[in-house]
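This is what each chain is made of:
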Amino acid sequence: MNQSNSKKILIIGVGTMGKQIAVQSLIAGHKLILVDNDERALNSAQQYISSSISKQQLPEKSRDLMSNILELEKSIDGIRHRDLDLVIECVPERLELKQRIFKELDQVVSQRTILASNTSSYRIAHVAAECSEERKKRVVGLHFFNPLSVLRLVEIIPTEDTSQDTVDEAIHFAKSIDRIPLLVRKDVPAFVVNRIFLRLANEAAWTLESGEWGTLEIDSMLKYSFGMPMGIFELHDVLGGGSIDITFHALSYLWQEHGGIWEIAPVIKRLFEEGRLGKRVGRGFYDWKDGEVEVPARRWRIRELLRVLAPVINEAAWILDNDVISNPDDLEIGVINGLNFPRGIFHFADDAGLDKVVSTLTELYNETGKLWYKPNNSLVDLVSGNKLGRSTGSGFYDYRIHYEFVNVETKEGIGILTLNRPHRANSINFTFLREIYDAIKKLNESKDVKCIVITGAGRHFCAGADVSSFLSDERDLLSFTKLGNETFDFLEKCSKVTIAALNGNAIGGGLELALACDLRIASSTVQLSLPETKLGIVPGWGGIQRMIKLLGYSRAKYYLLTGKPISALEAKQYGIVNEVFEEGSFWNETLNVAAAIAKGSASAYALLKRSVYQYFDDNLKLNLINEQIAHNILMNEDPLEGITAFRYKRDPKFRDV
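Residues numbered from 1 in each chain as written. Predicted model: local features only at pLDDT ≥ 70, side-chain atom pairs only at ≥ 80, totals over all residues. Heavy atoms only, no water.

Undergrad: Help me understand the overall build of the chain, please; the structure alone is not making it clear to me.
TA: Within the chain, the regular secondary structure consists of 26 helices and 17 strands. Dimensions of the chain, computed from the C-alpha atoms along their principal axes, are close to 80 × 60 × 55 Å. Across the 657 residues that make up the chain, the buried fraction comes to 56%. Partitioning the contacts of the chain with sequence separation of at least 6, the portion at a separation of at least 24 is 73%. Element-wise, carbon and sulfur atoms account for 49% of the exposed surface of the chain, whose accessible area totals about 28,000 Å². Averaging the locations of the 78 positively and 86 negatively charged side chains of the chain gives two centres separated by 3 Å. (Helix = DSSP H or I, 4+ residues; strand = E, 2+ residues; numbered from the N terminus. Buried < 20%, exposed > 50% of the residue type's maximum accessible area, 1.4 Å probe, protein only. Contact = heavy atoms within 4.5 Å. Areas by Shrake-Rupley, 256 points an atom, 1.4 Å probe, with all protein chains shown as cover. Lys, Arg positive; Asp, Glu negative; His and termini not counted. Charge placed at Lys NZ, Arg CZ, Asp CG, Glu CD.)

Undergrad: Help me out: how do you make sense of the side chain of lysine 19 in this one?
TA: By the element assignment, lysine 19 lies in helix H1 (residues 16-27). Put simply, lysine 19 is tucked away with no salt bridge, and the nearest opposite charge, on aspartate 36, sits 9.8 Å away. In contact with lysine 19, other than residues within four places in its own chain, are Val14, Ala45, Tyr48 and Ile49. (Salt bridge = Lys/Arg side-chain N within 4 Å of Asp/Glu carboxyl O.)

Undergrad: So what exactly am I meant to see when it comes to the packing of helix H8 (residues 193-209) against helix H11 (residues 244-258) here?
TA: Any two packed helices are characterised by the angle at which their axes cross and by the distance between the axes. Direction vectors running N to C along H8 and H11 enclose 105°, while the axes themselves pass 11 Å from each other. Taken as axis vectors, H8 and H11 run roughly perpendicular relative to one another. Counted together, Arg195, Phe197, Leu198, Ala201 and Asn202 of H8 and Thr247, Ala250, Leu251, Leu254 and His258 of H11 form the full contact between these two elements. Split by residue class, the contact of H8 with H11 holds six nonpolar, three polar and one charged. (Axes fitted to C-alpha atoms, helices over the stretch in contact; angles between N-to-C directions. Parallel < 35°, antiparallel > 145°, perpendicular 65-115°, else oblique. Nonpolar A, V, L, I, M, F, W, Y, C, P; charged D, E, K, R; others polar.)

Undergrad: Explanation requested: the packing of aromatic side chains in the structure shown.
TA: How two aromatic rings sit relative to each other is set out by the distance from centre to centre and by the angle between their planes. Applying the stated criterion across every chain, the model contains 18 aromatic pairs. Aromatic pair tryptophan 206 and tryptophan 372: ring centres 5.5 Å apart, planes at 40°, arrangement tilted. Within this pair, whereas tryptophan 206 is found in helix H8, its partner tryptophan 372 is found in the loop between helix H16 (354-368) and helix H17 (377-384), the two being separated by 166 residues in sequence. In terms of burial, tryptophan 206 and tryptophan 372 fall into one category: buried. Looking at tryptophan 372, the relative accessible area reads 3%, which means it is buried. (Phe/Tyr/Trp six-rings, centres within 6.5 Å; stacked < 30°, edge-to-face > 60°.)

Undergrad: Can you help me understand the pairing of strand E8 (residues 180-183) in this one?
TA: Each regular strand carries side chains that alternate between the two faces of the sheet. Where strand E7 (residues 153-158) meets E8, four bridges bridge the pair, whose relative direction is parallel. Directly across from valine 154, in E8, lies its bridge partner proline 181. The parallel pair E7 and E8 is bridged by helix H7 (residues 164-176), and the resulting crossover is right-handed. (Pairing = 2+ DSSP bridges. Right-handed = clockwise from strand over helix to strand, strands pointing away.)

Undergrad: Even after reading the chapter, I still don't get the pattern of salt bridges, so can you show me in this structure?
TA: A side chain of one charge can pair with a side chain of the opposite charge when the charged atoms of the two come close. Counted according to the given criterion, the structure contains 44 salt bridges. For glutamate 404, the salt bridge is made with arginine 343, and the minimal N-O distance between the two is 2.7 Å. Of this pair, glutamate 404 sits in the loop between H17 and strand E9 (406-411) while arginine 343 sits in the loop between helix H14 (328-338) and helix H15 (345-352), placing them 61 residues apart in sequence. Like arginine 343, glutamate 404 is buried. Two residues, arginine 400 and aspartate 398, come together in a salt bridge whose shortest N-O distance is 2.8 Å. One salt-bridge network, held together by shared partners, links Arg343, Asp351, Arg390, Glu404, Arg434 and Glu435.

Undergrad: What's the story with the sheet that holds strand E16 (residues 566-567) in this structure? I'm lost.
TA: Sheet strands pair by backbone hydrogen bonding; their relative direction is either parallel or antiparallel. Across the sheet, which stays open at both edges, the three strands sit in the order E13-E15-E16 with mixed pairing between neighbours. At either end of the open sheet lies a strand with only one pairing partner, and these are strand E13 (506-507) and E16. Here E13 pairs with strand E15 (residues 527-529) via two bridges, running parallel. Residue alanine 506 lies in a different strand from E15, and its bridge partner there is leucine 528.

Undergrad: Just checking my understanding: could you explain the state of the cysteines for this structure?
TA: By definition, a disulfide is the covalent link that joins the sulfur atoms of two cysteine residues. Scanning the model with the defined rule gives zero disulfides in all. Free cysteine cysteine 90: the closest other cysteine sulfur is in cysteine 131, separated by 16 Å. Residue class for cysteine 90 comes out buried when judged on its relative accessible area of 11%. Not part of a disulfide, cysteine 517 finds its nearest cysteine sulfur in cysteine 494, a span of 8.4 Å. (Disulfide = S-S within 2.5 Å.)

Undergrad: I tried to follow the side chain of threonine 162 on my own but got confused; where do I start?
TA: Checked against the element boundaries, threonine 162 lands in the loop between E7 and H7. For threonine 162, a relative accessible area of 12% corresponds to the buried category. Side-chain polar atoms of threonine 162 contact the backbone nitrogen of threonine 159, separated by 2.8 Å. (Polar contact = N/O pair within 3.5 Å; in protein donor to acceptor, adjacent residues only side chain to side chain.)

Printed below as a string of structure tokens:
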């Protein structure tokens with residue numbers, strides 16, 4: 001950062017969030033003053049900041065950055081009359097404490113200084129309630145997410161009094177420290193992302209309270225079928241050593257602000273009152289006294305998943321209906337980058353079917369009378385207009401013009417299809433696979449395209465099939481297998497020349513996708529592998545057959561059985577990859593190859609591809625049929641054990657049934 005863009009920032013409270021914000025701010029080149037009334041916390045924070053920066057920077061650079069910590073103070077009085085650009089309050093979630101701090105700050109910093117709160121729940125207007133009217137123009141919420149190293153979102157929350165200049169400066173600061181800013185249009189309790197999280201936590205707890213499922217079952221559903229990094233109860237027990245108290249206080253504030261629509265599930269209140277706050281005290285939703293807890297994988301149907309997630313979708317609809325966000329994309333960006341959700345809530349709802357969402361909510365409302373189950377207006381209106389989601393072509397999104405996981409562009413005879421799910425290493429679920437198929441078909445039909453290049457967004461080409469796809473029931477699993485076979489078979493025999501541009505690792509289904517292309521061009525750092533047997537399944541979508549075709553029987557069998565990775569250079573030596581380019585020049589070199597192909601004859605390419613495909617056609621079709629049967633047989637316990645072991649980084653214990 002240029003010295004002229006460097007800001008002088010005061011961080012009050014250097015606990016979990018304060019010290020992480022400090023690290024990001026220092027790396028961005030800002031200057032800091034740290035305030036905490038606990039001298040041990042200040043010393044601990046300084047050690048944490050130094051250690052974190054030294055892991056990311058060279059020693060000399062680390063020393064320079066640490067020198068930008070200008071002062072350590074034990075009270076706000078120590079910073080009186082300092083020339084500050086921004087103050088970020090990160091003290092514990094107690095409203096009266098935050099209000100007192102903001103009142104004191106109002107009296108000791110200049111009128112130009114922005115006062116920001118990192119509160120996750122309280123209305124920003126309530127935090128600044130005792131500030132002067134002039135100061136309120138320079139107050140804003142800056143809500144970060146833990147851990148900052150993984151979750152890059154920051155919510156920007158203005159009040160009705162906040163000036164536009166203040167909002168603009170807050171967004172600029174967020175971008176300067178490599179955050180993804182989400183502008184919250186209304187100062188509502190818990191803002192956007194935490195409302196979704198708290199609704200999920202409360203609904204899971206209500207489901208537990210009703211006796212429908214136990215903690216392990218609900219966590220299994222959310223962790224494996226929905227695809228969260230942890231189950232919701234597991235997360236509460238381990239985050240910060242236990243965060244049940246934080247959720248209880250946040251829900252209590254929502255209940256005070258909104259009434260019965262945020263009635264707290266009794267189990268959360270019981271755990272809080274009994275002091276069962278999580279792993280740090282040995283007990284929370286789980287008993288941790290005997291060591292670790294493991295949530296086993298199991299298969300779930302969509303209607304069971306909707307029992308827990310339909311109220312979350314309803315909350316998302318409330319946020320949209322009440323103009324808290326400007327469009328559905330804002331919420332999708334929020335939950336993916338703030339909660340590490342596998343996908344956006346509105347997209348999930350469209351996939352599940354909005355009629356099924358409304359039906360689930362209506363049944364729950366009629367059975368219980370609980371206000372939060374009453375479907376919100378946008379849901380009702382969409383269903384009334386027969387906009388049920390993907391099944392009818394439109395819902396919250398219009399799928400005639402919209403892809404969730406794929407980006408497509410065309411230039412100078414080249415169609416570029418980018419796998420766009422970087423937060424999940426571009427892993428493929430059923431919807432993703434359908435979009436790939438649709439995009440390839442449209443590019444193949446385009447007279448303006450002679451060559452199709454498939455690449456990945458972010459650091460990966462594709463990490464294969466999303467493991468949640470293997471936890472469907474038998475019908476859905478077979479549909480997934482069949483669609484993959486059809487997609488990759490079409491990719492191999494389509495009339496256009498196809499290039500897999502391997503910008504990152506191609507694993508499992510990602511390599512199977514690449515093998516179905518005509519050519520494969522790899523960055524020099526790439527690794528390829530088919531590790532499915534480690535999960536108790538087998539490579540699919542023609543991967544076995546195409547590996548044998550390229551590698552030969554013996555070598556293919558070795559890599560298929562061991563799952564051992566193949567480097568880019570080895571892959572070129574074996575004939576899997578046609579070209580390898582250095583990372584810095586990879587993309588331009590790939591486009592040069594594609595451009596040369598685009599100058600050729602489309603009809604000649606089509607005839608050549610058809611001739612080559614027909615040579616292998618009969619054997620491939622037979623093997624794909626056998627592959628579907630194999631997936632049917634694999635509806636046993638071994639894949640569940642393999643996936644569970646993978647998530648907990650241990651060796652699987654297969655039953656070999």
